[in-house]
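# Chain and residue survey
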Amino acid sequence: MASLLQGVRLPDNQDLLLMQEGMQMRKVRSKNWKKLRYFRLQDDGMTVWHSRQIGWRAKPSFSISDVETVREGHESELLRGLAEEFPLEQGFTVVFHGRRSNLDLVANSAKEAQIWIRGLQLLVDVVTSMDQQEQLDQPGWLSDWFQRGDKNQDGRMTFREVQRLLRLMNVEMDQEYAVQLFQAADKSQSGTLEGEEFVEFYKALTKRPEVEELFEKFSADGQKLTLLEFVDFLREEQKEGDRAPDLALELIDRHEPSDSGKRRHVLSMDGFLSYLCSKDGDIFNPACRPIYQDMTQPLSHYYINSSHNTYLVGDQLCGQSSVEGYIRALRRGCRCVEVDVWDGPNGEPIVYHGHTLTSRILFQDVVATVAQYAFQTSDYPVILSLENHCSLEQQEVMAHHLTEILGEQLLSTTLDGLLPIELPSPEELRRKILLKGKKSRTLEEDLEEEEEEPEQKLEMEAQSEPKPEPEPQELSPRSKDRKEEEKSKPMLCPSLSALVVYLKNVPFRNFTHSREHYRFYEISSFSEAKAKSLVKEAGNEFVRHNTWQLSRVYPSGLRTDSSNYNPQELWNAGCQMVAMNVQTAGLEMDICDGLFRQNSGCGYVLKPDFLCDTQSSFHPERPISPFKAQTLLIQVISGQQLPKLDNTKEGSIVDPLVKVEIIGVRPDTTRQETSYVENNGFNPYWGQTLCFRVLVPELALLRFVVEDYDWKSRNDFVGQYTLPWTCMQQGYRHIHLLSRDGTSLHPASIFVHVCIQEELEEAEG
């Protein structure tokens, strides 16, 4: 297999050499499940296999491309609980992308643990730095396929083994054609394929006739695209406009493999395919990947990536509470996390889902985890949504932990110490943690108190004590409301109450009441049922409410399985914090991930202008002019290397079809699908065009779903990709598919042509 591995650009590193020799370590799943396993980094440098003992049959453990990061032992909740049995410096945790469980390992010594920690992190960094086409050319995962197909592990593959491998790779191929490709690749004429020969066989297998046809349409000689021909392609098909000439030079420099081609400013077929498969040729506009939005507007003008019952990693009744829930939520870009706090033993508050069988964790551990991970993914503010069920004594402890552990990160007064007139912006609140919770007084009263001298304050308190309550008729409506609120309010510890600055919880009654009685720094929470009914009954009022005040929506209490609701219905009304059970994959989380994929995944997305205007006439249920409708034409051309649903079944090949879904305001929400292609997941061709008319494109998301057609039952999910309409590039584009879990299904993709047509007349809803 050595010849296949020559192309892998692995760093020359002692740790990696030792990992390739293999080491015995203990795999830990719980306090009771700890088993010795022999782990070895494969020669390809891309996969780790394990066996029960040295010399026993090994099987794949994980691929480096699946690893997000590596943590040291002291950072693992599980390993900390076993510190008396195993020294923490001997342990480490492999953290995977998506929702796959962490892998906790204990080495025989701290030195051996460090070899794996350093080596794995180095490989993760190498994989992360490789772009799409390099990953496509990387023989690492090809080597993995080779090892799976090479049944007797002799480093060469017979035609029979190749046939078996094709079925594993989801390819149904005419035997005569397969023999032809096999013989052409068998340069040594040995009747078997070795490493490099297998690579050639694979390249022949993955030829793209539909891309070659497109290339030849724009190339005069069929061999290359001249600079002018490539500019024409970018302008006419890719809708790149005036930037096409400069962009063409950039793209040739980035994607043309030959130096002579770069010098002559021409693009070969290989360079053209490299461009189309790269981030530049992706359906998601690269301009929307970094922070590209104005981050200086009030918080109420943004959608905020929000998590519900963040401490739970399972269901709502018996699930495990874990700080891992906070780590995962914050790392995936959530900016609002929820903390349910109750009185705990030994005077220490605990976090769990009250009155259920969910496990408990210490409040101080949650705060420490938030302090550590709050700004690893994004610099923009994190909101701690506190559900406080504690006694006064333990509220004091909460306030102590928050101020001591978070320190300067915690926002404990207004930014400039003065009374603001609107909510601050994400930019002003960079690297700050805000508390959302109950507050016994107004912000005005807090600031007045801060201005008073201590002696003056004591004097005023002494004077105010004997004063009788004013008569009700002397109170303004706002004061009346505050008095009523205070009567119903549970006891609140002043030191904890003072830490709530811009996000004071208030109960919602109706929109008129909020306008007359509430301030911009107060926030109401709505159950999903209440919020949905308000969207239907008073959609425009809800839109206007959300221009100046924040709203948080949370899932129904009946969702004990931690299922989710469609956040789009609430985003349509401008609700900023639509809290999701982020531990549960599915359509709803695809929509959420799709919206927050833009703007560097920072967790804040600017709402459209008509959802930020206090006088907005927009009604999400009845959208009318001045919005111009657009027509979207999507030609679904082909698919590439769609994964098998069950790799263990050699006999089954997928029958793929593509569904395109528009998710937006109710009149825009629709879906269409192609016909299915029988027995071809490797390179299916559809060539079908789907047409959509969209009234409010600013609020629309597109979801591309590949399914395996099944005439007997529901189609099986293969992969999906969701993105905002405003981040979509026109022209010939690849869509790189994600798993149900949101992780990459590389190299699986679909190839499409996108065309958006503006309607001249204003659309009536």
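This text gives an overview of the structure that appears in the document. Quick caveat, the model's predicted, so the values are computed rather than measured. (Residues numbered from 1 in each chain as written. Predicted model: local features only at pLDDT ≥ 70, side-chain atom pairs only at ≥ 80, totals over all residues. Heavy atoms only, no water.)

Summing up its helical and strand segments, the protein has 25 helices and 29 strands in all. Look at the contacts in the protein between residues 6 or more apart in sequence, and 69% of them connect residues 24 or more apart. (Helix = DSSP H or I, 4+ residues; strand = E, 2+ residues; numbered from the N terminus. Contact = heavy atoms within 4.5 Å.)

Tallied over the full model, the rule gives 34 salt bridges. Across the salt bridge formed by Glu427 and Arg430, the nearest N and O atoms sit 2.8 Å from each other. Residues Lys659 and Glu707 are paired through a salt bridge, measuring 3.3 Å at the closest nitrogen-oxygen approach. Of the two residues, Lys659 is situated in strand S23 (residues 656-663) and Glu707 in strand S26 (residues 701-708); the sequence distance between them amounts to 48 residues. Members of the salt-bridge network, linked through shared partners, are Asp379, Glu427, Arg430 and Arg431. (Salt bridge = Lys/Arg side-chain N within 4 Å of Asp/Glu carboxyl O.)

Moving on: the sheet that holds strand S1 (residues 23-28). In spatial order, the strands read S4-S3-S2-S1-S7-S6-S5; together these seven strands make up an open sheet with antiparallel pairing. The open sheet has two free edges, formed respectively by strand S4 (59-63) and strand S5 (67-72), since each of these has just one partner strand. Direction aside, the axes of adjacent strands within the sheet are offset by 35 degrees on average. Pairing geometry for strand S3 (residues 47-51) and S4, over four bridges, is antiparallel. For Val48, the partnering residue across the bridge sits in S4 and is Phe62. Where helix H2 (residues 14-21) meets the sheet, its contacts fall on S1 and strand S2 (34-41), and the angle it forms with S2 comes to roughly 120 degrees. (Pairing = 2+ DSSP bridges. Axes fitted to C-alpha atoms, helices over the stretch in contact; angles between N-to-C directions.)

As a further point, take the environment of His619. The topology assignment puts His619 in the loop between strand S21 (604-606) and strand S22 (630-640). Overall, the relative accessible area of 9% leaves His619 in the buried class. Expressed as a C-alpha distance, the spacing of His619 and Phe542, which sit 77 residues apart in the sequence, is 8.8 Å. Apart from residues no more than four positions distant in its own chain, His619 is found in contact with Val535, Lys536, Gly539 and Asn540. (Buried < 20%, exposed > 50% of the residue type's maximum accessible area, 1.4 Å probe, protein only.)

Take the packing of helix H8 (residues 175-185) against helix H9 (residues 195-205) next. Running from N to C, H8 and H9 point in directions that differ by 140 degrees, and their axes come no closer than 8 Å. The angle between the axes of H8 and H9 places the two elements in the oblique class. Of the two possible hands of crossing, H8 and H9 adopt the one that is right-handed. Residues Ala178, Leu181, Phe182 and Ala185 of H8 form the contact with H9, whose own contacting residues are Glu197, Glu200, Phe201, Ala204 and Leu205. Classifying every residue of the contact of H8 with H9 gives seven nonpolar, no polar and two charged. (Parallel < 35°, antiparallel > 145°, perpendicular 65-115°, else oblique. Left-handed = near helix turned anticlockwise from the far one by under 90°. Nonpolar A, V, L, I, M, F, W, Y, C, P; charged D, E, K, R; others polar.)

Turning to unusual backbone geometry, a few remarks are in order. With the exception of glycine, most residues fall at negative phi, and the peptide bonds are largely trans. Omega for the peptide link from His746 to Pro747 comes to 10 degrees, which places this bond in the cis form. Phi at Asn599 is positive, roughly 60 degrees, even though this residue is not glycine. Tracing the backbone through its elements, the reader meets Asn599 in the loop between helix H25 (587-596) and S21. The backbone of Gln641 shows a phi angle near 50 degrees, a positive value even though the residue is not glycine. Mapped onto the elements of the fold, Gln641 is located in the loop between S22 and S23.

Turning our eyes to something else, we now look at helix H4 (residues 110-129). The periodicity of an α-helix, 3.6 residues per turn, causes residues three or four positions apart to be oriented the same way. With 20 residues, H4 ought to run about 28 Å at 1.5 Å a step, and its terminal C-alpha atoms sit 28 Å apart, in line with that. For H4, the full list of buried residues reads Ala113, Ile115, Trp116, Ile117, Gly119, Leu120, Leu123, Val124 and Val127. (Expected span 1.5 Å × (residues − 1).)

Before going further, it helps to spend a moment on a positive patch on the surface. Together, Arg29, Lys35, Arg52 and Lys59 line one region of the surface with positive charge. Residue placement: Arg52 occurs in the loop between S3 and S4. On the basis of relative accessible area, Arg52 is assigned to the exposed category, the value being 54%. (Patch = residues over 30% accessible without salt bridge, like charges linked within 9 Å, V, L, I, M, F, W, Y side chains within 5 Å. Areas by Shrake-Rupley, 256 points an atom, 1.4 Å probe, with all protein chains shown as cover. Lys, Arg positive; Asp, Glu negative; His and termini not counted. Charge placed at Lys NZ, Arg CZ, Asp CG, Glu CD.)

Let us now look at the pairing of strand S7 (residues 103-106). Of the two faces of S7, both are covered, the one formed by Leu103 and Leu105 as well as the one formed by Asp104 and Val106. In terms of strand pairing, strand S6 (residues 91-96) meets S7 through four bridges, oriented antiparallel. When the bridges of S7 are listed, Thr93 appears paired with Asp104. A loop of six residues connects S6 with S7, the two strands running antiparallel in sequence, and Gly98 in this loop sits at a positive phi of about 75 degrees.

This part takes up the packing of aromatic side chains. Given two aromatic rings, their pairing is described by the distance between the two centres and the angle made by the two planes. Using the criterion set out here, one finds 22 aromatic pairs in the structure. Their ring planes at 20 degrees and their centres at 6.4 Å tell us that Phe233 and Tyr732 sit as a pair that is stacked. On the criterion of sequence distance, the pair formed by Phe233 in helix H11 (residues 227-236) and Tyr732 in strand S28 (residues 731-738) is long-range, its members being 499 residues apart. Accessibility expressed as a relative area gives 12% for Tyr732, which makes it buried. These aromatic residues form a ring-pair network of at least three members: Phe215, Phe218, Phe230, Phe233, Phe272, Tyr275, Tyr732 and Phe751. Taking the ring centre of Phe96 as reference, the NZ or CZ of Arg100 above it sits at 3.8 Å. Between Arg740 and the ring centre of Phe717, over which it is positioned, the NZ or CZ distance is 4.4 Å. (Phe/Tyr/Trp six-rings, centres within 6.5 Å; stacked < 30°, edge-to-face > 60°. Lys NZ or Arg CZ within 6 Å of the ring centre and 35° of its normal.)

What follows covers the environment of Lys27. Here Lys27 shows up in strand S1. Each C-alpha atom, one on Lys27 and one on Phe39, is 9.8 Å from the other, the two residues being twelve residues apart in sequence. Beyond its immediate stretch of four places on either side in the chain, Lys27 contacts Trp33, Lys34, Lys35, Arg37, Leu103, Asp104 and Leu105.

What follows concerns the packing of helix H7 (residues 159-168) against H8. Running from N to C, H7 and H8 cross one another at 120 degrees; their axes reach a closest spacing of 11 Å. As far as their axial angle goes, H8 and H7 are oblique. The crossing of H7 and H8 is right-handed. Contacts from Phe159, Val162, Gln163 and Leu166 of H7 reach H8 at Gln175, Ala178, Val179 and Phe182.

Topologically, Val48 is positioned in strand S3. Of the residues examined, Val48 reaches a relative accessible area of 0% and is grouped as buried. Sequence separation of Val48 and Phe62 is 14 residues, and the distance between their C-alpha atoms is 5.5 Å. Dropping the residues within four chain positions of it, Val48 is found in contact with Phe39, Arg40, Leu41, Pro60, Ser61, Phe62, Ile64, Trp116 and Leu120.

Quick look at the state of the cysteines now. For the structure shown, the criterion picks out zero disulfides. Of all cysteine sulfurs in the structure, the one in Cys727 sits closest to Cys288, which takes part in no disulfide; the separation is 3.5 Å. Overall, the relative accessible area of 5% leaves Cys288 in the buried class. (Disulfide = S-S within 2.5 Å.)

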